[in-house]
Every structure is written in C-alpha cells, then in structure tokens.
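Structure at a glance
One-letter residues, chain by chain:
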Amino acid sequence: MSSIEWNDKTFSKFAYLGDPRIRGSKVAYVLTKVNMKDNKYESTVVVEDLESGARRFVENASMPRISPDGKKLAFMRSNEEKKESEIWVADMETLSAKKVLSAKNVRSVQWNDDSRRLLVVGFKRRDDEDFVFDDDVPVWFDNMGFLDGEKTTFWILDTESEEILEEFEKPRFSSGVWHGDGVVINVPHREGSKPALFKFYDIYLWKDGEEEKLFERVSFEAVDSDGKAILLHGKREKKFMSGHDWLYLWDGELKPVYEGPLNTGSAKLDDGKVYFTVPDAGKVNLYLWDSEVKPLIVGDHWVMGFDVHNGRVALLIETATRLRELYLYDGELRQLTDYNGPIFEKLKTFEPRHFRFKSKDLEIDGWYIKPELKEDEKAPVIVFVHGGPKGMYGHYFKYEMQLMASKGYYIVFVNPRGSNGYTEDFALRVLERTGLEDFEDIMAGIEEFFKLEPQADRERVGITGISYGGYMTNWAVTQSDLFKAGISENGISYWLTSYAFSDVGLWLDVEVIGPNPLENENYRKLSPLFYAERVKAPLMLIHSLEDYRCPLDQSLMFYNVLKDLGKEAYIAIFRRGAHGHSIRGSPKHRAKRYKLFIEFFERKLKKYEEGFEVEKILKGEKE
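A brief look at the structure comes next. (Residues numbered from 1 in each chain as written. Predicted model: local features only at pLDDT ≥ 70, side-chain atom pairs only at ≥ 80, totals over all residues. Heavy atoms only, no water.)

**Considerations on the packing of helix α2 (residues 399-406) against helix α11 (residues 587-606)**
We count it as follows: Note on method: axes are straight lines fitted to C-alpha atoms, helices fitted across the in-contact stretch only, with angles between N-to-C directions ranging 0 to 180 degrees. The secondary structure listing takes helices from DSSP runs of H or I that are at least 4 residues long and strands from runs of E that are at least 2 residues long, numbered from the N terminus. Orientation categories follow fixed angle ranges, with anything under 35 degrees roughly parallel, anything over 145 roughly antiparallel, 65 to 115 roughly perpendicular, and all other angles oblique. Note: crossing handedness is left-handed where the near helix turns anticlockwise from the far helix by less than a right angle, and right-handed where it turns clockwise. By definition in these notes, contact holds between two residues if any of their heavy atoms fall within 4.5 Å. Side-chain classes follow a simple rule in which Ala, Val, Leu, Ile, Met, Phe, Trp, Tyr, Cys and Pro form the nonpolar group, Asp, Glu, Lys and Arg form the charged group, and the remainder, Gly included, forms the polar group.
The geometry of α2 relative to α11 is characterised by a closest axis approach of 11 Å and an angle of 40° between their N-to-C directions. Viewed along their axes, α2 and α11 adopt a mutual orientation that is oblique. Two packed elements cross with a definite hand, and for α2 against α11 that hand is right-handed. From α2, Y399, E400, L403 and M404 reach across to α11, where they touch R593, Y594, F597, I598 and F601. Residue composition of the contact of α2 with α11, by class: 7 nonpolar, no polar and 2 charged.

Structure representation (structure tokens):
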C-alpha cells in the first residue's frame, strides 16, 4: 500500500516551484520543499541547461537573477543567525559563489545591462528595541509587521568591488527598475494626510544623484525597461483601486499596449515586445503584444509566473489537478520538469466540472467537484468562497478542495460579481454592495448545482472561505439556514473596525463598503456581527494573530458575541502567521489547520456530533 494518501500532511510531499528566470540556454527557478521534522521550508535555486539537459543546485537560496550576459547568477540567502539577507553572485559555469552584500531587509534585486551592477531595493526602520513610532499611515502592513517609520532604500551595488556606489531613500512602498544607467522610481502620491496607496503614483528618474520627475499622480507604475522604453502597468487614471490594470509603453510618449476589456497581471518587456498574463473567466493565460495583442499560451490552466528572453519564455503552469511545473515556450510549448508526477500517480485527483448560470442580470461561472459515490448514495457539500472580493476561482490547484473531495464531499465554487477575470464593470458591481448581489450569485450557483447533481445532500451543506471568503462565510450563516456548518478564516465581521484597524482599511474599505465610515450605514448594515442572533449553524473561526489585513478583532468579536448569544462557535487562533498563513504558515501550523478543517466538517456534516474536542482531534485519538 502506498504511504502517500490525502490527509492533513499530504501538502508536505509536494515540490513547489517559483520565480522562473531565463537567459540564453539557461533557466533558473526556486524549488521549495517542506521539512516537517524541522518545521521549515527549504529552498534551492535550480539551474537548468536547455541544451545539455544538465541540472545544478544552489542550496539555501532564493531570488535567482541571471545577468544579461548569461555569465553570472545572483541570488539571495538568509542568514538566520544574524537575521540578515545576503546577496551572493555565482559563476554560471561552476556555480562557485561569493557574498557581495549583507543587508537587514531586501525586497528585490535586478542586474544592470552591464552585468556588473545590481539594483538592490530594501527598507530601513527605526528598530528601537522598546517601541515603534510612526507619523504616517498605515502603521503596520500584512506580512511586514509594524512599519516603524519605514523608508524604502535603493542601493546600486558594484559586484566586482563589492561596494555600494550609490544609496538613496524614498517613502515606504516605493519601488524601482533599471532604465539604462538610471533608475525609474515609483513613489506613492500623497493626497492630504495620507498616501494614495494602490491608486496614484509619482514616477521619477534617478541618475548620477540627479532626479527628474517623469509623471505626477498617475495610476500606473514602471515594472520593466529595456533602456529605451519603460513598461507601465496600471491605468492613465484610476477611479477605483478595484479597477482593472492595463499596459503602456513610454519612450517620451505614452503608447497603449493593452486597454481592456480584461485585467492584466505580470508583464515583461523583451526586444520591444510585451508579454503579459491575463486572468480570464477562471483561467490565466499568456498574451503577446507586438504592435497588436494576440494570445500566446491559452488553456484550462493558470500561468503562475514567467520570464522571457529573445522570444523564449520560461513559465510555470498549474491546472486544477496538478501543481505548477516548469515549461518552455519557443514556438511550441513543452514541459521541462515533473517534480510532482510520481506523487500524483499515488493520489486520485478530481477534475472540476464547469457550469454557467443566470443570477439576476448576469451570467456567472461555477464549478463543482463530484466525489466517488456509490449509486444512489447521498454526499455532503462544501461551498468555497474565494478571497478579494476581486479574487478568482477556476483552473488551478486548490489543496483543500482536492483533500475534501477525496473524503467524499461535493465541492462547489463560483465567481460571483466582483471577481477578477471578467470586465471591469463586473468587478466594480460589488462596490458599496458587498454581501448583497454577490451573495445572491453564490446562492443561485448552489441552487443550479443541486439541479445538476441529485446525489448532493442539501441537508448537509457547509461553507468556507478565507478573507473576503471568510467574510462571506460569516455573512452566509447569518442570512441563510441552508448551511449546517461553516469555517470562516481571517474574515470580516464588522466593517467599521476593519476600516480603522486593517492595514488597507483607509483605502480598500472606503471603496468596497463606502465613504464616510463614521456616518455611512453600510458599515453596520453589511456587517455579519449585527445579525449574529440569526446564526443556527455551528461555526469555527480560524485566524492568525499576525494578520494585519483582516486583523484578529474581526473573528474574536464575532466569536464573543456568538458565545454570549448561546451559539455553537469555536475559535482557533494561530500564534504566528500573516493573512496568508493558510499557505505560508510553518509546516506544522499548516498541518494542524488542515486537521481542524477536515475534522470539523467530518463531525458536523457526517457524524452530526455536538462539541469539538480539539485535544482528542489533534492527538488523533479514535472514539
């Protein structure tokens, strides 16, 4: 019998690929494996030679960057003892390496065209051991902690002499890319007492200590350059943060590359051409602009990252039943790696079935996964709600869905209005109406699903989601008796405290829920907390203490009120982990979360048990 099966630790068997880079015949990427014993992730930079097929490894490394001449590899290595990030440079032929910089905080590294200098972008804080201090907002940011007077730092590093040639600072959340021998810098534009984050930028050109303002209060930022033109991602001017981002080239004149109807993701400039990803109705495809836009790699998949050089594209592709692997496109698409193939040969995976349905005035995409069932056997249902609201479900690998389908549950998920992958109008329809028509879309999708699958048991329906999905889970159990159990993760229960407490509340909440939070009735009307007396389903709230996007108060308030009303509620607070703790928490953290997830639905939708004895559950004791 195989030792590999679906359970709370199956995720630790997989290999995870990221950050592909290509130059000539060399491709580099990061391979991450889970070390359950030591409770950590181990990352290795892998260098593939496309001509010889040779594969070489650099352990304890990430952020690979191949120099333009193809002779050097820069990478980052964490020094846990000193709590520093180290930048190393290796010879591409021998991979013998030297350390060229130690810095406390590094965010990005980019080679100059001379294959000698590196642009290193990081940040500095006050770092007083006793307290933090700030006079700007936000005070904290998810996965970054307290900002403590943070400034973005830019270093121009000569890798031969190992000396910093230039160093300068900009306000927090700034970024930059090389543009010839200069650096194009994106700085959040300020309006009144706060920066206009995620919406407006001022763009500068820094060269030899001199600074020139290229743009003021624009809604795009520089993401790439070939030394002649700058690739800009965003929009000429955004009315809403939730609006779509498009693409432009600037060489002294602004030229549109792509302006709708869909959103765009990551983008790269190569030999005057622009390669970019496009989320499209549950898929993420790769497009090419060469005086006109055309699809390059399209399918039932998600392109999860790519790089391009001389028309050759190294990319990561993931499907609903397979984790991402490395592919090469050079006129035709071919798969280069199969790290997870032998694992998936031991595991049964389930292909989602697509359906479309009418909800009010819109056509909506939905999917469901059917478990293995005997004839006439009824099965419980779990409804998943994505994050966002401008998130998207579709053709990518969702671990919890495959895990629960393997345990005999139907899985249902839809892209309600507000989702990414559709027109901008579709995305903006949720603004100031969160929880209204978007919730009706979800409910309409569930009803359509029941028409398609008579073996689905409508008396045993659970709901779950993270972030906006957590909010919608909280909302659902206050608005409908259909749901017999819910798991809400990192969700919102009271929009007013979210506005005042979240790292993005001053920007996102006033758009999604409405302006004038202290007076706007939406902040109460659309908050699940004020409908807590309606809850009938047992609810487990999972939250991470270091979540600054949807802070802990959101789950804790809802839990306390539910308990005070005599409702069946439970709360699991993970001591570490940011908003994305469900996929970036430590291995043991993740395994415990999956265990809670499995066992809660098992006890509430299959065994109809009262209570939830977490000590027995985590010890794996059998009753």
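After presenting the structure, the write-up continues.
**A short note on a nonpolar patch on the surface**
Cut-off, in case you're wondering: The patches reported here contain residues having more than 30% relative accessible area and no salt bridge. Joining distances are 9 Å for like charges and 5 Å for nonpolar side chains (Val, Leu, Ile, Met, Phe, Trp, Tyr). Here the Shrake-Rupley method, with its probe set to 1.4 Å, supplies the accessible areas, and only the displayed protein chains count as covering residues. Salt bridges are identified by distance alone: a Lys or Arg side-chain nitrogen within 4 Å of an Asp or Glu carboxyl oxygen. Any residue under 20% of the maximum accessible area for its type is buried, any over 50% is exposed, and the rest in between are partly exposed; the area is computed with a 1.4 Å probe on protein chains only.
Judged by side-chain polarity, V132, V139 and F146 come together as a nonpolar surface patch covering roughly 230 Å² of accessible area. Within the secondary structure, V139 is located in the loop between β10 (117-124) and β11 (140-141). You can call V139 partly exposed: its relative accessible area is 38%.

**Let's talk about the sheet that holds strand β23 (residues 254-258)**
Applied cut-off: When DSSP finds at least two bridges between two strands, those strands are taken to pair.
One open sheet holds the 7 strands; their spatial order is β15-β16-β19-β20-β21-β22-β23, and the pairing between them is antiparallel. Each end of this open sheet is capped by a strand with a single partner; those strands are β15 (175-179) and β23. Taken pair by pair, the neighbouring strands of this sheet meet at an average axis angle of 40°, ignoring direction.

**Considerations on empty space enclosed by the protein**
Rolled over the atoms, a probe as big as a water molecule pinpoints where empty space is left. We count it as follows: Points on a 1 Å grid, built from protein atoms alone, make a cavity when a 1.4 Å probe fits but cannot get out and make a pocket when they are open with protein on both sides within 12 Å along at least 5 of 7 lines; residues with an atom within 4 Å of a point are the lining residues. Grid points are joined across faces, edges and corners, and a volume is the space filled by probe spheres set on the points.
Tallied over the entire structure, the rule returns 2 cavities of 30 Å³ or more. Of the pockets and cavities examined, the largest cavity occupies roughly 50 Å³. For the largest cavity, the full set of lining residues is A320, P352, I369, G394, Y396, K398, M401, Q402 and F413. Within the lining of the largest cavity, the residues separate by chemical class into 6 nonpolar, 2 polar and 1 charged. Of the volumes computed, that of the second largest cavity is approximately 30 Å³. Looking at the second largest cavity, the residues that line it are V477, S480, D481, F483, K536 and A537. For the lining of the second largest cavity, a count of residues per class yields 3 nonpolar, 1 polar and 2 charged.

**Re the pattern of salt bridges**
Under the counting rule described, the total for this entry stands at 56 salt bridges. We note a salt bridge from R236 to E259, for which the minimum N-O separation is 3.1 Å. Separated by 23 residues along the polypeptide, R236 in the loop between β21 (230-235) and β22 (246-250) and E259 in the loop between β23 and β24 (267-270) bring together distant segments of the chain. R236 sits in the partly exposed class, given a relative accessible area of 41%. One salt bridge in this structure joins D290 and K273, with 3.9 Å as the shortest N-O distance. Placement of D290 in the loop between β26 (283-289) and β27 (293-297) and of K273 in strand β25 (residues 273-280) is noted, with a sequence separation of 17 residues between them.

**Overview of the nonpolar core**
Our working rule: In plain words, nonpolar cores are sets of buried Ala, Val, Leu, Ile, Met, Phe, Trp, Tyr and Cys residues tied together by side-chain atoms within 4.5 Å.
I411 and F483 are the most contacted members of the largest nonpolar core, which has 113 residues in total. Sorting elements by how many residues they give to this core places α11 first, with 8 residues. Core analysis: the second largest hydrophobic core is formed by 28 residues, I203, L247, L262 and V274 among them.

**Concerning unusual backbone geometry**
In this structure, the amide linkage connecting V137 to the following residue, P138, adopts the cis form with an omega of -5°. Mapped onto the secondary structure, P138 falls in the loop between β10 and β11. Going from G260 to P261, the amide bond is cis rather than trans, its omega being 5°. Note that P261 resides in the loop between β23 and β24. The phi angle at E162 is positive, at roughly 60°, despite the residue not being glycine. Within the secondary structure layout, E162 lies in the loop between β13 (151-158) and β14 (163-171). Accessibility expressed as a relative area gives 35% for E162, which makes it partly exposed. Despite not being glycine, D376 shows a phi value in the positive range, around 70°. Along the chain, D376 falls in the loop between β33 (362-369) and β34 (379-385).

Everything listed here is a matter of coordinates, which is why it stays silent on function.
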